[in-house]
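Report on the structure
As a plain string of letters, each chain reads:
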Amino acid sequence: MTAHPPHGPRFPYGGRGHRDPVPGAPALVVHDLMVRYPGGITAVRSFSVRLERGQCGVLVGPNGCGKSSVLKAIAGIARPAAGEVRVFGNAVGACHHRTAYLPQVPEVAWAFPISVREMVMQGRDVHMGWLGRPRHADERAVDDALRRTGLEALATRSVDALSGGQRQRALLARALAQESELLLLDEPLTALDEDHRQAITRVINEALAQDAAVLMTTHHVDEARSAGHVIIPMRDGAIADGNALVAR
Amino acid sequence: MNWLTEPLSYGFMRTGLLAAVLVSISCAAVGAHVVARRMSFLGDALAHTMLPGIVIAFLLGASLLGGALVAAVVTVLIIAAITRGGRVQEDAAIGVAFTGMFALGVMMLSTTNSFRDFTHILFGDILGVGDGDLVVLGIITGVVLLTLLMFRRELEVTAVDPGYARSFGLRPDRVRLGLLLLLAPTIVAGIQAVGVLLTTGLLIVPAAGAFLVTRRFRTTMLVAMLVGLGASVAGVLISYHAGVSTGATIALCACVGFGACMGIAALRSALATITSREVLE
């Protein structure tokens, strides 16, 4: 991943600046996580996982088993009811630019009139902060993300004119443009044909080779397993069975 | 030409026209964000809920616009309080706040025995704008445009993907609250032109039309402002010559502008269909 500037945005979102990783800390440590939604529904209970740099964990399981809630808690979108999440040794939100989150396609307002390039540029927002404006480095990161996801030719197209697979790639391009070191990808392979699934898997592997860590959800278990990723089976909000590689 | 210049020979017409232009610009700019976020109902409701604030200000002898502003802020806070926790949907909360505040306003209005004093609030009085009001409208328009420009990225990302925005530290609920607080003075300005009952004509209608003919949000805002501006200028001039209500004429002209946008969109769609058919053949 690209080295980050020593100073972050002048007015960072959430009031948090660029904080360095704790030396020797794993990319992600989740310990006894519990996520509860309004109405008392417990989506995640007693979930623990540990990911090192260069490692990809894949959450698999039936719909509603809590996979997306785990990602949302790590991304700082859902507040944990209990447990602890550490990203590069820091608390969630201590350094927003190090974590990039890819939501599921239906969670995005695609009817909003912006181009693919403008959407991918949103991945740079965390580096600009309040009152910031895109600079050459931001433009370069967006160009690079568009190229890696094969969206260069669609850069000026409105996002509402994209197919399901193209939307998936646009969201991945936005996450890549953020140049984060921990990618949280919710169903990144959904709605893609085989060629594009392979292309996206290649992009994920490139990120891993650059020392990033990835935690993703998918229904394509066989492809994830053949790519050498660590499978984390989930059921009823918890890990279905112990996994010596990642769950501690 | 005389049709255009004759009304402008009067000072109150010049002031009124300038006020209408300022109001239409700020309303259309905020309206584009309101429509993009599917908050049109809120925009309309907010205009109605200002009534009790206006009546209280009248009874206290305070600024009516100031009262409207306070009522709008109170409404926004009531809606935020009702929807907090996610148990009540926002449209339901708006319906509750809208009904409660407007009913309170009508009830208070019935105790004043001077309904005539409020007709300009209900239906607008753009030709009654004084120099002081013009300065206030200018400040509101300036603040609205500057704020939308400065926080363009934050407004866009929280509208497109609030979950993603939250993941990097932005608070979409606070950005939305900020937009609502910006909406309050904008509607107050709109009331000056077309009144409580027709503010939607400048806030929602031009933006809704602009969305039909544009593909980039910046262009949408620009077209919305042009439609609103055209409606204001045409409305002021037509109402002068026809001797009809200025606020209602402005609102009606905005609807004509929306119709024109629909026509352009339909024409464009038909042309695209013909072109694609030719390519296939």
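Per chain, the residues get numbers from 1 upward, laid out in the order the sequence is written. Here the convention is simple: chains get letters from A, ligands get numbers from 1, in the order in which they are written. The predicted origin of the model limits local features to residues at a pLDDT of at least 70 and limits the giving and counting of side-chain atom pairs to 80 or more, whereas totals for whole chains, interfaces and linings rest on all residues.

1. Considerations on the overall build of chain A
- Secondary structure elements follow DSSP: runs of H or I of four or more residues count as helices, runs of E of two or more count as strands, with numbering from the N terminus. On a plain count of helices and strands, chain A comes out with 7 helices and 10 strands.
- Radius of gyration: C-alpha atoms only; globule rule: 2.2 Å multiplied by the number of residues to the exponent 0.38. Computed over C-alpha atoms, the radius of gyration of chain A comes to 17 Å, within 12% of the 18 Å expected from 2.2 N^0.38 for 248 residues, which places it in the range of a compact globule.
- C-alpha extents for chain A along the principal axes are approximately 45 × 40 × 40 Å.
- The buried share among the 248 residues of chain A stands at 48%.
- Any residue pair is listed as a contact if its two C-beta atoms, each placed from the backbone, are within 7 Å. Within chain A, counting contacts between residues at least 6 apart in sequence, those at least 24 apart form 73% of the total. Comment: burial labels come from other C-beta atoms within 10 Å of the residue's own C-beta, placed from the backbone, where a count of 20 or more is buried, 12 or fewer is exposed, and between is partly exposed.

2. What to know about the packing of helix 3 (residues 40-49) of chain B against helix 6 (residues 90-112) of chain B
Residue and element names in this part refer to chain B.
- Packing of helix 3 against helix 6 brings their axes to within 8 Å, and their N-to-C directions diverge by 20 degrees. If you check the angle between helix 3 and helix 6, you find them roughly parallel. Seen along the crossing, helix 3 lies across helix 6 with a hand that is left-handed. On the side of helix 3, the interface is formed by F41, L42, A45, H48 and T49, while helix 6 contributes D91, I94, A97, F98, M101 and F102.
- Taken together, the residues of the contact of helix 3 with helix 6 sort by class into 8 nonpolar, 2 polar and 1 charged. Here an angle of 0 to 180 degrees is reported between the N-to-C directions of two axes, which are lines fitted to C-alpha atoms, with helices fitted over the stretch in contact. The cut-offs work like this: below 35 degrees is roughly parallel, past 145 is roughly antiparallel, 65 to 115 is roughly perpendicular, and the gaps in between are oblique. Working rule for handedness: look at the near helix, and if it is turned counterclockwise from the far one by less than a right angle, call the crossing left-handed; if clockwise, right-handed. Throughout, the ten residues Ala, Val, Leu, Ile, Met, Phe, Trp, Tyr, Cys and Pro are labelled nonpolar, Asp, Glu, Lys and Arg are labelled charged, and all others, Gly among them, are labelled polar.

3. Observations concerning the interface of chain A and chain B
- On the chain B side, the residues contacting the 27 residues of chain A number 23 residues.
- Of all the secondary structure elements, the ones that give two or more residues to the side of chain A that touches chain B are strand 6 (99-102) and helix 3 (125-128) of chain A.

4. Considering the nonpolar core
- Each nonpolar core comprises buried Ala, Val, Leu, Ile, Met, Phe, Trp, Tyr and Cys residues, the members being joined through C-beta atoms within 7 Å. The biggest cluster of nonpolar side chains holds 161 residues, and the ones touching the most others in it are A:I74 and A:L184.
- Considering each element in turn, this core owes the most residues, 14 residues, to helix 2 (residues 11-36) of chain B.
- Setting aside residues up to four positions removed in sequence, A:L184 forms contacts with A:L71, A:I74, A:A75, A:T99, A:A100, A:Y101, A:L102 and A:L215.

5. Points about the pairing of strand 4 (residues 80-87) of chain A
Residue and element names in this part refer to chain A.
- Pairing between two strands is assigned when DSSP locates at least 2 bridges connecting them. As paired elements, strand 1 (residues 28-37) and strand 4 share 6 bridges and run antiparallel to each other. Considered in strand 4, the bridge of V29 is made with R86.
- Pairing of strand 4 with strand 5 (residues 90-91) involves 2 bridges; the strand directions are antiparallel. Residue pairing across strands places R86 opposite A91, the latter belonging to strand 5.
- Where strand 4 folds back onto strand 5 in an antiparallel hairpin, the turn is made up of 2 residues, including F88, whose phi is positive at roughly 50 degrees.

6. Regarding the sheet that holds strand 5 of chain A
- One open sheet accounts for 4 strands, arranged 2-1-4-5 (chain A); its pairing is antiparallel. Of all the strands in the sheet, the pair left with one neighbour each is strand 2 (41-51) and strand 5 of chain A.

7. Comments concerning unusual backbone geometry
Residue and element names in this part refer to chain A.
- Backbone geometry at L131 places phi at a positive 65 degrees, although glycine is not the residue there.
- Here L131 lies in the loop between helix 3 and helix 4 (136-148).
- Assessed through the 12 C-beta atoms surrounding it within 10 Å, L131 is described here as exposed.
- Phi is positive for D211, which is not a glycine, with a value near 80 degrees.
- Mapped onto the secondary structure, D211 falls in the loop between helix 6 (194-209) and strand 8 (213-217).
- Taking the number of C-beta atoms within 10 Å as the measure of exposure, D211 has 12 and is therefore exposed.

8. Notes on the sheet that holds strand 9 (residues 230-235) of chain A
Residue and element names in this part refer to chain A.
- Read across the open sheet, the 6 strands follow the order 6-7-8-3-9-10; overall the sheet is mixed. The sheet terminates laterally at strand 6 and strand 10 (238-239), the two strands that pair on one side only.
- Both strand 6 and strand 7 (residues 182-186) contribute to a ladder of 4 bridges, which runs parallel. Within strand 7, the residue paired with T99 across the bridge is L182.

9. Re the pairing of strand 2 of chain A
Residues and elements named next belong to chain A.
- Direction of pairing for strand 1 relative to strand 2: antiparallel, over a ladder of 7 bridges. Counterpart to L33 in the pairing with strand 2 is F47.
- Between strand 1 and strand 2, which pair antiparallel one after the other, the connecting turn spans 3 residues, and G39 there sits at a positive phi close to 100 degrees.

10. A short note on the environment of B:V188
Residue and element names in this part refer to chain B.
- One can find V188 in helix 11 (residues 172-194).
- A count of 27 C-beta atoms within 10 Å places V188 in the buried class.
- Remark: the alpha-carbon pair of V188 and L64, spanning 124 residues in sequence, is separated by 9.5 Å.
- With residues near it in sequence (within four places) discarded, V188 still touches L65, A68, L69 and A72.

11. Description of the packing of helix 13 (residues 205-213) of chain B against helix 14 (residues 217-242) of chain B
Residue and element names in this part refer to chain B.
- Interaxial distance between helix 13 and helix 14 falls to 8 Å at its minimum, and their mutual angle equals 130 degrees. It follows from the interaxial angle that helix 13 and helix 14 lie oblique. Note that helix 13 runs across helix 14; the crossing there is right-handed. Counted together, P206, A207, G209, A210, F211 and V213 of helix 13 and T220, V223, A224, V227, G228 and A231 of helix 14 form the full contact between these two elements.
- When grouped by side-chain class, the residues that make up the contact of helix 13 with helix 14 number 9 nonpolar, 3 polar and no charged.

12. A word on the environment of B:F217
- Turning to its location among the elements, B:F217 is positioned in helix 14.
- Since 23 C-beta atoms lie within 10 Å of it, B:F217 is described here as buried.
- Between the C-alpha atoms of B:F217 and B:T83, which are 134 residues apart in sequence, the distance is 28 Å.
- With residues up to four places along the chain from it excluded, the contact list for B:F217 reads A:F112, A:P113, A:I114, B:A36 and B:E156.

Read these as spatial facts, not as claims about activity.
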